[in-house]
Amino acid sequence: MTGAPTRQLWQRLQPERWPLPLEALPADAALVGGAVRDGLLDRLGPKPDLDLVVSGDAIALCRALARRHGGSAVVLDGERCMARLVIRGWSLDLARQEGASLEADLGRRDYTVNAIALPLRPGAALVDPSGGLEHLRQRRLVAVSEANLLADPLRLLRGVRLAAQLGFGLDPSSEAWIRRHHGRLPEVAPERVLAELEKLAAAPLGHRGLAQAVATGLLGPWSAAAAGPAASGDLALLERLGPERVAAAGLTEAEAAEALPLARLAALFDAEALERLRSSRKLQQRAGRLRSWRQRLEEGQPEEVSAVIAALPEAERLQLQRQLEADLPALLLAWPAGLAQAWLGRWRDPDDRLFHPRPPLDGRRLQQACGLAPSPLLGELMERLLLEQAFGRVEGAEAALRWARHWLECRPEAGGRTPRRD
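Procedures and definitions
- Per chain, residues are indexed from 1 in the order of the written sequence.
- Local features in this predicted model are restricted to residues of pLDDT 70 or higher, and side-chain atom pairs are both shown and tallied only at a pLDDT of 80 or more, whereas totals for entire chains, interfaces and linings draw on every residue.
- The side-chain numbers reported here are obtained from all heavy atoms of the structure, hydrogens and water having been left aside.
- Three exposure classes are used, based on accessible area relative to the maximum for each residue type with a 1.4 Å probe and protein chains only: buried under 20%, partly exposed in between, and exposed over 50%.
- Counting from the N terminus, the helices are the DSSP runs of H or I reaching at least four residues and the strands are the DSSP runs of E reaching at least two.
- One requirement defines pairing of two strands: DSSP has to find at least two bridges between them.
- Only buried residues count toward a nonpolar core, which is a set of Ala, Val, Leu, Ile, Met, Phe, Trp, Tyr and Cys residues joined through side-chain atoms within 4.5 Å.
- The contact definition used throughout considers only heavy atoms, calling two residues in contact when any of these lie within 4.5 Å.
- Helix axes are fitted to C-alpha atoms over the stretch in contact, other axes to C-alpha atoms as well, and angles between N-to-C directions run from 0 to 180 degrees.
- Think of it this way: a Phe, Tyr or Trp ring, Trp meaning its six-membered ring, pairs with another when their centres are within 6.5 Å, and the plane angle makes it stacked under 30 degrees, edge-to-face over 60, tilted otherwise.
- A patch consists of residues whose relative accessible area exceeds 30% and which take part in no salt bridge; residues with like charges are grouped when within 9 Å of each other, and nonpolar side chains (Val, Leu, Ile, Met, Phe, Trp, Tyr) when within 5 Å.
- Residue-level accessible areas treat just the shown protein chains as cover; the underlying method is Shrake-Rupley with a 1.4 Å probe.
- For this document, the term salt bridge refers to a Lys or Arg side-chain nitrogen within 4 Å of an Asp or Glu carboxyl oxygen.
- Under this scheme an angle from 65 to 115 degrees is roughly perpendicular, one under 35 degrees roughly parallel, and one over 145 degrees roughly antiparallel; angles in between are oblique.
- Classes in brief: Ala, Val, Leu, Ile, Met, Phe, Trp, Tyr, Cys and Pro nonpolar; Asp, Glu, Lys and Arg charged; the others, Gly included, polar.
- Expected span, for any helix, means 1.5 Å times one less than how many residues it has.
- Crossing handedness: left-handed means the near helix sits turned counterclockwise from the far one by under a right angle, and right-handed means the same turn made clockwise.

(A) A look at the pairing of strand E4 (residues 82-87). Residue alternation in E4 divides its side chains into a buried set, Ala 83, Leu 85 and Ile 87, and an unburied set, Met 82, Arg 84 and Val 86. Pairing analysis gives five bridges linking strand E3 (residues 72-77) to E4, with the strands arranged antiparallel. Looking at E4, one finds that Asp 77 is bridged to Met 82. Connecting E3 to the antiparallel partner E4 that follows it, the hairpin turn spans four residues, and Cys 81 within it adopts a positive phi of roughly 60°. Across six bridges, E4 lies against strand E5 (residues 90-96) in antiparallel orientation. Looking across to E5, one finds that Arg 84 is bridged to Asp 93. As consecutive antiparallel partners, E4 and E5 are separated by two residues, and within that stretch Arg 88 has a phi angle of approximately 50°, a positive value.

Pasting the structure below:
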């Protein structure tokens with residue numbers, strides 16, 4: 001193993017910034033997994049997660065480090081002797097070495113780019129028993145073995161996610177194994193599957209990764225795009241949700257980080273599917289509302305969205321803004337650039353009362369000013385005021401009160417007098 005990659009990796013890892021000194025770790029400790037891979041690719045974050053392998057009791061070591069250096073020790077897997085040290089914003093995962101050697105431990109891992117180790121003793125070179133360094137150079141994701149994928153079927157989906165996240169090509173043999181064994185994925189806890197899908201949806205090329213996950217059969221038990229008449233439409237929408245759409249719509253980096261993953265997930269999963277994946281109720285509702293409005297507005301070609309919106313009754317237009325107030329950028333991503341940018345500009349204005357509907361008066365003030373008791377009539381009046389304000393026909397509390405009194409006076413009575421408070 002040449003020394004240049006090892007020296008380069010040490011420079012990028014900057015161990016002097018780690019929350020505890022290297023001398024605090026056992027002499028046989030080795031850094032493995034994502035930090036090694038991302039360091040070699042020069043894509044490390046400011047506080048990368050550090051995965052360490054030691055030959056002894058990793059849980060006892062983690063607790064001892066917490067006592068000596070601060071932080072909290074959390075047992076991750078008692079049977080496999082894995083623990084996490086959370087210290088000063090860093091996360092260090094410690095695991096007992098599996099097998100008689102570090103090479104044997106690496107041979108049990110999922111993909112070769114994750115099976116590279118950096119021993120932390122001075123002068124040690126990278127350990128790469130499966131050719132991960134060469135595969136990093138080739139930007140190719142290769143499974144260590146078919147049996148390793150089946151040892152934890154989540155690795156089938158993880159391969160698709162890693163390829164999209166890293167911008168790598170998936171090795172044909174590895175992809176064939178994924179296709180062959182895609183039916184094993186439902187054996188995995190739904191929460192773990194969802195966590196991988198959320199990472200995949202957030203990857204720069206996540207739209208292609210999700211499409212590949214559909215094509216390999218991995219998402220069949222959950223995705224609406226896996227079968228049925230809507231499948232082609234869902235996949236066509238997904239294909240439009242690439243990074244270039246973020247630029248075309250004019251989203252900021254922060255806006256895209258929130259909108260793009262949701263837009264991609266909602267292209268494939270309805271609320272019922274997300275429930276089966278044990279997602280939060282909030283995500284189910286967000287995806288369900290987004291899918292519903294997409295189907296309502298985008299039945300034809302994307303270029304026809306403006307005409308569909310123009311034909312919406314005011315009450316439906318207001319309902320759209322109320323239901324998607326927080327997630328409107330996720331809807332705009334697939335729209336023509338001009339329309340998306342115009343709507344985004346209004347959405348960014350907190351004082352735009354159509355894009356951010358707020359009642360001009362609260363119910364208590366309306367009751368007092370108009371002599372109303374709590375009733376369906378009060379609710380109807382508040383809804384009408386909200387609509388009038390959203391479309392610029394009422395501005396300010398005093399104008400809203402005048403409009404409310406006029407509406408009450410002119411309202412045809414139905415089955416009795418307008419309810420008044422004695």
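Continuing now.
(B) Expanded view of the nonpolar core. Counting 111 residues, the largest nonpolar core has Leu 31, Leu 85, Val 193, Leu 197, Phe 269, Trp 335 and Trp 343 as its most contacted members. Sort the elements by how many residues they give to this core and helix H13 (residues 253-268) lands first, with nine residues. Among residues more than four places away in sequence, those in contact with Val 193 are Leu 154, Leu 157, Leu 185, Val 188, Trp 222 and Leu 277. In terms of nonpolar packing, the next biggest core, distinct from the first, is built from 15 residues, Leu 372, Leu 385, Ala 399 and Ala 404 among them.

(C) Summary view of the sheet that holds E5. Reading across the sheet, the six strands line up as E3-E4-E5-E2-E1-E6 and stay open at both edges, with mixed pairing between neighbours. Two strands close off the open sheet at either side, each with one partner strand: E3 and strand E6 (117-119). Taken pair by pair, the neighbouring strands of this sheet meet at an average axis angle of 25°, ignoring direction. Relative to E6, strand E1 (residues 30-32) runs antiparallel, the two being bridged by three bridges. Pairing of Leu 31 across the sheet is with Leu 118, part of E6. Sheet strands touched by helix H3 (residues 58-69): strand E2 (50-54), E3, E4 and E5. Its angle to E4, the strand with the most contacts, is close to 15°.

(D) Seen up close, the packing of aromatic side chains. Under the criterion given, the structure shown has three aromatic pairs. An angle of 75° between the planes, with centres 5.0 Å apart, marks the rings of Trp 335 and Trp 343 as edge-to-face. Given a relative accessible area of 7%, Trp 343 falls into the buried group. Both rings, one in Trp 403 and one in Trp 407, keep their centres 6.4 Å apart while their planes meet at 10°; by these two values the pair is stacked. Within this pair, Trp 403 and its partner Trp 407 are both found in helix H22 (residues 397-410), separated by four residues, close to a single helical turn. By relative accessible area, which is 12% here, Trp 407 ends up buried. An aromatic cluster is defined as three or more aromatic residues linked by ring pairs; in this entry it consists of Trp 335, Trp 343 and Phe 355.

(E) The arrangement of a nonpolar patch on the surface in detail. A contiguous nonpolar patch, built from Val 74, Leu 76 and Val 86 and spanning about 210 Å² of accessible area, is present on the exposed surface. By the secondary structure assignment, Val 86 is in strand E4. Taking the relative accessible area as the measure of exposure, Val 86 reaches 39% and is therefore partly exposed.

(F) Inspection of the packing of helix H7 (residues 154-166) against helix H9 (residues 190-202) at higher detail. Where H7 meets H9, the closest approach of the two axes is 9 Å, and the angle between their N-to-C directions is 10°. Judged by the angle between their axes, H7 and H9 are roughly parallel. Every residue of H9 that contacts H7 at Leu 154, Leu 157, Arg 158, Val 160, Arg 161 and Ala 164 is listed here: Arg 192, Val 193, Glu 196, Leu 197, Lys 199 and Leu 200. When its residues are assigned to classes, the contact of H7 with H9 shows seven nonpolar, no polar and five charged.

(G) Focus on H13. Along its 16 residues, H13 runs 23 Å from first to last C-alpha, staying within 8% of the 22 Å computed at 1.5 Å per residue. Summarising burial for H13: twelve of the 16 residues are buried, a large majority. The complete set of buried residues in H13 reads Glu 255, Ala 256, Ala 259, Leu 260, Pro 261, Leu 262, Ala 263, Arg 264, Leu 265, Ala 266, Ala 267 and Leu 268.

(H) Quick look at the pattern of salt bridges. Evaluated as defined, the whole model comprises 28 salt bridges. Between Asp 234 and Arg 291 there is a salt bridge whose closest N-O contact spans 3.7 Å. Placement of Asp 234 in helix H11 (residues 231-239) and of Arg 291 in helix H15 (residues 281-297) is noted, with a sequence separation of 57 residues between them. Note on Arg 291: relative accessible area 10%, which makes it buried. Notably, a salt bridge pairs Arg 393 with Glu 388, separated by 2.9 Å at the nearest N-O pair. Overall, Glu 388 belongs to the buried group, its relative accessible area being 13%.

(I) Spatial organisation of unusual backbone geometry. For Arg 139, which is not glycine, the phi dihedral falls at a positive 55°. Arg 139 gets classed as partly exposed once you look at its relative accessible area, which sits at 41%. Phi is positive for Arg 278, close to 60°, though the residue is something other than glycine. Within the secondary structure, Arg 278 is located in the loop between helix H14 (271-276) and H15.

(J) Representation of the packing of helix H21 (residues 376-390) against H22. Contact pair H21 / H22: the axes reach a minimum separation of 11 Å and the direction vectors enclose 130°. With respect to H22, the element H21 is oriented oblique. Judged by the sense of rotation from one axis to the other, the crossing of H21 with H22 is right-handed. Along its contact with H21, which presents Leu 377, Glu 380, Leu 381, Arg 384, Leu 385 and Glu 388, the element H22 presents Ala 400, Trp 403, Ala 404, Trp 407 and Leu 408.

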